[in-house]
Amino acid sequence: PPRSTLFPYTTLFRSHYEMATRLVSQFRSLMVNANQVVVPVIATNNKVFDQEKKNISFAKMNRFVATVTFPLSGLLIVITPLISLIWIGDVNKDFVFSMVALTIATAINIISGPTYFSCLADGRLNILVIVHVLMAILNLLLGYLLIFLFHHYGTVLGWEIGRAHV
């Protein structure tokens with residue numbers, strides 16, 4: 001389909017979406033760096049512990065990542081209108097929608113990090129390939145379907161729902 005069919009929204013919306021994407025990308029980088037402390041723990045645990053101890057350690061790592069990720073993501077969502085006011089000059093609904101969708105998807109994506117790294121450490125790469133293929137299919141299907149239901153917001157939702165899982 002021509003680009004105008006897939007992306008019929010305005011340049012202004014794309015600008016606000018791009019601003020939100022850049023900010024959430026910086027936030028994600030900060031969160032990923034903060035959560036990288038679990039990677040050596042996962043690698044060590046997978047070499048040393050039996051399955052029961054791995055499971056206990058995995059649960060602790062997930063609690064740690066969730067404890068860091070959810071409060072900071074919530075804070076970012078809460079201050080989004082203020083960010084919009086400072087950057088754009090008013091509380092822009094396109095920017096706020098994009099920020100909220102991006103932040104929620106990013107939070108879900110970040111908390112899946114310990115699982116992702118555990119699969120890598122255990123050598124279970126097939127599951128990761130399957131998840132990435134499913135993510136690509138979700139992006140295409142949801143993005144194309146939701147654009148007809150919710151216009152430009154549907155494209156953002158489809159992309160973020162697909163991206164949230166990996």
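Residues numbered from 1 in each chain as written. Predicted model: local features only at pLDDT ≥ 70, side-chain atom pairs only at ≥ 80, totals over all residues. Heavy atoms only, no water.

1. Here's the deal with the overall build of the chain
Of regular secondary structure, the chain possesses 8 helices and 0 strands. Starting at the N terminus and walking to the C terminus, you meet the elements of the chain as α-α-α-α-α-α-α-α. Per-residue burial over the chain gives 36% buried out of 166 residues. When the accessible area of the chain is evaluated, it comes to approximately 9700 Å², of which 71% is carbon and sulfur surface. Positive and negative side-chain charges of the chain, numbering 12 and 7 respectively, have mean locations separated by a distance of 4 Å. (Helix = DSSP H or I, 4+ residues; strand = E, 2+ residues; numbered from the N terminus. Buried < 20%, exposed > 50% of the residue type's maximum accessible area, 1.4 Å probe, protein only. Areas by Shrake-Rupley, 256 points an atom, 1.4 Å probe, with all protein chains shown as cover. Lys, Arg positive; Asp, Glu negative; His and termini not counted. Charge placed at Lys NZ, Arg CZ, Asp CG, Glu CD.)

2. Regarding the environment of Val 32
Within the fold, Val 32 resides in helix α2 (residues 11-35). Note on Val 32: relative accessible area 28%, which makes it partly exposed. As for Val 32 and Gly 113, which are separated by 81 residues in sequence, their C-alpha atoms are 8.4 Å apart.

3. As for the packing of aromatic side chains
Throughout the structure, instances matching the rule amount to 1 aromatic pair. With a centroid separation of 6.0 Å and an interplanar angle of 55 degrees, the aromatic rings of Trp 87 and Phe 95 are classed as tilted. Taking the relative accessible area as the measure of exposure, Trp 87 reaches 43% and is therefore partly exposed. (Phe/Tyr/Trp six-rings, centres within 6.5 Å; stacked < 30°, edge-to-face > 60°.)

4. Describing helix α4 (residues 51-88)
End to end, α4 covers 51 Å across 38 residues, agreeing with the expected 56 Å (1.5 Å per residue, within 8%). Helix geometry: α4 is bent most strongly at Ile 79, by close to 45 degrees, with proline Pro 81 lying one to four residues after it. For α4, the full list of buried residues reads Lys 54, Ser 57, Met 61, Val 65, Thr 69, Ser 73, Leu 76, Thr 80, Ile 83 and Ser 84. Gly 89 lies just past α4 and shows a positive phi near 105 degrees. (Expected span 1.5 Å × (residues − 1). Bend = angle between axes of the 7 residues up to and from the residue.)

5. With respect to the nonpolar core
In terms of nonpolar packing, the biggest core is built from 19 residues, with Leu 76 and Met 99 touching the most fellow members. Looking at this core, the elements with two or more residues in it are α2, α3 (38-48), α4, α5 (93-111) and α8 (152-164). (Core = buried A, V, L, I, M, F, W, Y, C linked by side-chain atoms within 4.5 Å.)

6. A closer look at the side chain of Ser 98
Mapped onto the elements of the fold, Ser 98 is located in helix α5. Looking at Ser 98, the relative accessible area reads 0%, which means it is buried. Within the local environment of Ser 98, its side chain forms a polar contact with the backbone oxygen of Asp 94, the two atoms lying 2.9 Å apart. In contact with Ser 98, other than residues within four places in its own chain, are Phe 13, Tyr 17 and Ala 20. (Polar contact = N/O pair within 3.5 Å; in protein donor to acceptor, adjacent residues only side chain to side chain. Contact = heavy atoms within 4.5 Å.)

7. Some words on the packing of α2 against α4
The interhelical angle for the contact between α2 and α4, taken along N-to-C directions, is 150 degrees, at an axis separation of 11 Å. Here α4 runs roughly antiparallel to α2, going by the angle between their axes. In the packing of α2 onto α4, the handedness of the crossing is right-handed. For the pair formed by α2 and α4, the contact residues are His 16, Met 19, Leu 23, Val 24, Phe 27, Met 31, Ala 34 and Asn 35 on the first element and Phe 64, Val 65, Val 68, Thr 69, Leu 72, Ser 73, Leu 76, Ile 83, Trp 87 and Ile 88 on the second. Class assignment for the residues of the contact of α2 with α4 results in 14 nonpolar, 4 polar and no charged. (Axes fitted to C-alpha atoms, helices over the stretch in contact; angles between N-to-C directions. Parallel < 35°, antiparallel > 145°, perpendicular 65-115°, else oblique. Left-handed = near helix turned anticlockwise from the far one by under 90°. Nonpolar A, V, L, I, M, F, W, Y, C, P; charged D, E, K, R; others polar.)

8. Brief notes about a nonpolar patch on the surface
Judged by side-chain polarity, Leu 72, Leu 75, Val 78, Ile 79, Leu 82, Leu 85, Ile 86, Trp 87 and Val 91 come together as a nonpolar surface patch covering roughly 870 Å² of accessible area. Summarising the element assignment, Ile 86 is placed in helix α4. We classify Ile 86 as exposed; its relative accessible area is 63%. (Patch = residues over 30% accessible without salt bridge, like charges linked within 9 Å, V, L, I, M, F, W, Y side chains within 5 Å. Salt bridge = Lys/Arg side-chain N within 4 Å of Asp/Glu carboxyl O.)

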